[in-house]
Structures are given as C-alpha cells and as structure tokens.
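This is what each chain is made of:
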Amino acid sequence: MTLAALRDRDCPICGSADARPEVVSTRRADYLPLADLTPFWFGIEKARCFFSYHRCSGCGLLYNPIFFGEAQLGELYATMPPNMNSVDGDAIAATQRGYFDAVAAACPLDGDYLEIGPDVGHIAGEAARRGRFDRFWLFEPNREVHDILSAAVSGQRARVFAGMSNLNAVPDGSVGLAVMVHLLDHLLDPVGMLEAVHRKLRPGGTLMLVTHDERSLLRRVLGPRWPAFCLQHPELYNPATIRRAVTQAGFADVAITRSRNVFPIDFLARQAGAALGVRTEWMPLPRRAIGLRLGNIMTLARRSTDQPAAMAVAERVEISA
Ligand SMILES: [Zn+2]
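Since the model is a prediction, treat every value here as computed from it, not as a measurement. (Residues numbered from 1 in each chain as written. Predicted model: local features only at pLDDT ≥ 70, side-chain atom pairs only at ≥ 80, totals over all residues.)

**Looking at the overall build of the protein**
Turning to step 1, where the next piece is worked out: Across its full length, the protein holds 10 helices and 11 strands.
Turning to step 2, where the next piece is worked out: Out of the 321 residues belonging to the protein, those deemed buried represent 38%.
Turning to step 3, where the next piece is worked out: Taking contacts inside the protein between residues at least 6 apart in sequence as the whole, the part at least 24 apart equals 73%. (Helix = DSSP H or I, 4+ residues; strand = E, 2+ residues; numbered from the N terminus. Buried ≥ 20, exposed ≤ 12 C-beta atoms within 10 Å, placed from the backbone. Contact = placed C-beta atoms within 7 Å.)

Below is the structure:
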C-alpha cells in the first residue's frame, strides 16, 4: 500500500513545523493509498476528499503537512487528461484578458516575457499582440497544448519548454514581465520558484501572480466544500501569506487585489448548486457570462532597482555594451 510520500512537511514559506489542523474533508486523504486517491485527483469521484489543511503558527500559511512527493506528483500530472476544466473557453479567455489588462496598466510591456504554466497561451497571446517584448520564454508541462501555445505567440521569438523546475535557459536579469496564473498553489516549494523567477527579472521588472484566496467570502460561505480545497493544492494563500512569500523571495512594491473572473451564469449556478448540495439540472439558466471578484487574488510585485544583485546585473550589461 503506497501512501502520499510527504508525511511531515514543514511550512513551505517559513519552515516552521508547528501547525494546527483547520480544514478537513469527511473522508481524509491523509491515510488513504494512492490507488484510492486517483479518482479524486482526476475529478472522477465527485465526493470531497483532500489532505488535511493546517495553519502554520509561524506565518499563518494554510498548507498540507501530508502530501504527495515530487515523483508521485510527476506521475499524477503526466496522466492528467487535458482540458478537464468545464468552464467554456470564451469565459477563460475573457478572464485571462482581464488579467493582462491589469498588468498592462501597471508596467511597461517590454524586456523578455516569462510565463510558467501558460496553458494554451491566452495571456502570452495578449502579450504578443499588445506588448513590445523581445523574447517569450514559456514553461508548460502539458505537451498536448504546445502547438496551440506556439501558435498564440507566432511571429515572436519564442521558446516553449516542457519542464518547470529549471529556468536556466532564461538569461538572469532579462525579463520585464513574469506571469504565473494558478500555479503557485500547486508547488511544493513556492518560495524556491519565486526566487528563481526573481533572478530572471531585470531591475524594476514585474511579477504577476493569480492565486486562490482562502480568506475570500466564497471560502467562508462554502467552508470545506470550497472547490480550491483539493488534492492539487498543497497550500492555499491569502493576501497576508502571499505577501510574505513574495517578500521573502526578494520582491518589493507588492500590491494585492481581488481579481475578476468571467463565468457563464449557468456554469456558476450549477457549481454553486453542486457545492451546496442543491440540484440544478431542471433549472433554466442563461449562458450569458458575468465578471465576478470571487475567491481569487492578483499579486503584482517588482524586482527592486536598488538591490545588490540587480546592480551586479546592470554592471555586467554596461561592461558588455
Ligand atoms: Zn509558516
């Protein structure tokens, strides 16, 4: 019987081992063998089952002390069928265009563009159309979408990579805008990833993150039935803990806002019905889409222009010029 490999995970932000249980599912994933968990991972099994979320006493992060190990995660993601999301493509595209609008208002759209987990490239495509980026560096583990992703940035100098753990191909200090949408809450070492991205940013370069907000109204209303409590999220952030994570990785000028998601009304109502145990099959519901600030936060942060590491990069550029 193979269990989830990480049995005693310390807080991935502050390293504290002291955490108290806060959110559990009726059927806990903690002591179930992997074979029993895969139907929940793939969403085949609709009942709720996730690892117990504990609140770190050191920094307040909500995370799973018991979770899959790196190798187990690799296998689970590799066998994940593509496009499991049942929100229609137009609503996803509209949501992601909104993310780009927010970042376009806050930073110059030049230097290199780096995105980790770009999926089919909704945001990268906007960046290609509306920005003046030199090169596109796209790290997308799902190979099935690589062709669509490449097409989204066609005409640009772009490279697509299947791994996410190694950003070595990207020159340090080159990136004007780095984007990670719904990625950070999937990672075992989120601060390590943030530090790696920080090194790639040029002085003054911008990072844009979208994550779930475990302090949102939606989470409070739904409790353990909030959909972000699931096997794919080894930790979940709120405005205070995401600020702590990016600050610890060296970022400055951190701004956090509730982000807007576009949903077809029928999808939203059926999701809410499912979460609350109300049947909605018989309800006539409009397909029209609406934008809601619902359960997600956007974080914008910069690599400071006056850090020693940033200075070193600037000096190197001067020498080579
Ligand atoms: Zn902590």
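**As for the pairing of strand β5 (residues 135-139)**
Turning to step 1, where the next piece is worked out: Burial analysis of β5 places 4 of its 5 residues in the buried class, which makes it a mostly covered element.
Turning to step 2, where the next piece is worked out: Handedness of the crossover joining strand β4 (residues 112-116) and β5 through helix α4 (residues 122-130): right-handed.
Turning to step 3, where the next piece is worked out: In this structure, β5 lies alongside strand β6 (residues 157-161), joined through 5 bridges in parallel fashion. What sits directly across from Phe136, in β6, is Ala158.
Turning to step 4, where the next piece is worked out: What joins β5 to β6 is helix α5 (residues 146-152), and the crossover it makes is right-handed. (Right-handed = clockwise from strand over helix to strand, strands pointing away. Pairing = 2+ DSSP bridges.)

**Digging into the sheet that holds strand β1 (residues 19-23)**
Turning to step 1, where the next piece is worked out: Taken together, the 4 strands give an open sheet; going across it, the order is β1-β2-β3-β9, and neighbouring strands pair in antiparallel fashion. Looking along the sheet, the strands with just one partner apiece sit at the ends: β1 and β9 (235-236).

**Considering helix α8 (residues 239-248)**
Turning to step 1, where the next piece is worked out: Buried residues of α8: Thr241, Ile242, Arg244, Ala245 and Val246, and no others.
Turning to step 2, where the next piece is worked out: Gly250 sits one or two residues past α8 and shows a positive phi near 105°.

**A short note on the environment of Arg243**
Turning to step 1, where the next piece is worked out: Along the polypeptide, Arg243 turns up in helix α8.
Turning to step 2, where the next piece is worked out: For the pair Arg243 and Ile256, spaced 13 residues apart in the sequence, the C-alpha separation amounts to 7.9 Å.
Turning to step 3, where the next piece is worked out: When near neighbours in sequence (up to four residues on either side) are disregarded, Arg243 contacts Val254 and Ile256.

**Regarding the nonpolar core**
Turning to step 1, where the next piece is worked out: With 72 residues, the main nonpolar core has Tyr99, Tyr113, Ala124, Ala178, Val197, Leu207 and Met208 as its most contacted residues.
Turning to step 2, where the next piece is worked out: No other element matches strand β7 (residues 175-181), which puts 6 residues into this core.
Turning to step 3, where the next piece is worked out: When residues of this core are assigned to domains, at least three map to each of domain 1 (1-81) and domain 2 (86-320). (Core = buried A, V, L, I, M, F, W, Y, C linked by C-beta atoms within 7 Å. Domains from an automatic or database assignment.)

**Concerning unusual backbone geometry**
Turning to step 1, where the next piece is worked out: Phi is positive for Asp119, which is not a glycine, with a value near 55°.
Turning to step 2, where the next piece is worked out: Relative to the helices and strands, Asp119 is located in the loop between β4 and α4.
Turning to step 3, where the next piece is worked out: Look at Asp119 and you get buried, because 23 C-beta atoms sit within 10 Å.
Turning to step 4, where the next piece is worked out: Not every positive phi belongs to a glycine, and Asp253 is a case in point at roughly 50°.
Turning to step 5, where the next piece is worked out: Positionally, Asp253 belongs in strand β10 (residues 252-264).

**So, the packing of helix α3 (residues 89-104) against α4**
Turning to step 1, where the next piece is worked out: The interhelical angle for the contact between α3 and α4, taken along N-to-C directions, is 50°, at an axis separation of 9 Å. One way to sum up the angle between α3 and α4 is to call them oblique. Note that α3 runs across α4; the crossing there is right-handed. Contacts between α3 and α4 involve Ile92, Ala93, Gln96, Arg97, Tyr99, Phe100 and Ala104 from the first element and His122, Ile123, Glu126, Ala127 and Arg130 from the second. (Axes fitted to C-alpha atoms, helices over the stretch in contact; angles between N-to-C directions. Parallel < 35°, antiparallel > 145°, perpendicular 65-115°, else oblique. Left-handed = near helix turned anticlockwise from the far one by under 90°.)

**Some details on the packing of helix α6 (residues 190-200) against α8**
Turning to step 1, where the next piece is worked out: Where α6 meets α8, the closest approach of the two axes is 8 Å, and the angle between their N-to-C directions is 50°. Comparing their axes, α8 and α6 come out oblique. Regarding α6 and α8, the two cross each other, and that crossing is right-handed. Along its contact with α6, which presents Pro190, Val191 and Leu194, the element α8 presents Ala245, Val246 and Gln248.
Turning to step 2, where the next piece is worked out: Here the contact of α6 with α8 is built from residues that sort into 5 nonpolar, 1 polar and no charged. (Nonpolar A, V, L, I, M, F, W, Y, C, P; charged D, E, K, R; others polar.)

**Considering the pairing of β7**
Turning to step 1, where the next piece is worked out: Within β7, 7 of the 7 residues are buried, leaving the element largely enclosed by the surrounding structure.
Turning to step 2, where the next piece is worked out: By the bridge criterion, 4 bridges tie β4 to β7 in an arrangement that is parallel. Across the sheet, residue Asp112 finds its bridge partner in β7, namely Val175.
Turning to step 3, where the next piece is worked out: Sheet topology note: the β7/strand β8 (residues 201-212) ladder contains 6 bridges and is parallel. Across the sheet, Val181 pairs through a bridge with Val210, a residue of β8.
Turning to step 4, where the next piece is worked out: The β-α-β motif built from β7, the intervening α6 and the parallel element β8 has right-handed crossover chirality.

**Concerning the environment of Ala4**
Turning to step 1, where the next piece is worked out: Within the element layout of this structure, Ala4 appears in the segment before β1.
Turning to step 2, where the next piece is worked out: For Ala4, a count of 22 C-beta atoms within 10 Å puts it in the buried group.
Turning to step 3, where the next piece is worked out: When the C-alpha positions of Ala4 and Leu34 are compared, they lie 6.6 Å apart, and in sequence the two are 30 residues distant.
Turning to step 4, where the next piece is worked out: Excluding residues within four positions of it along the chain, Ala4 makes contact with Phe51, Ile66, Phe67, Phe68 and Gln72.

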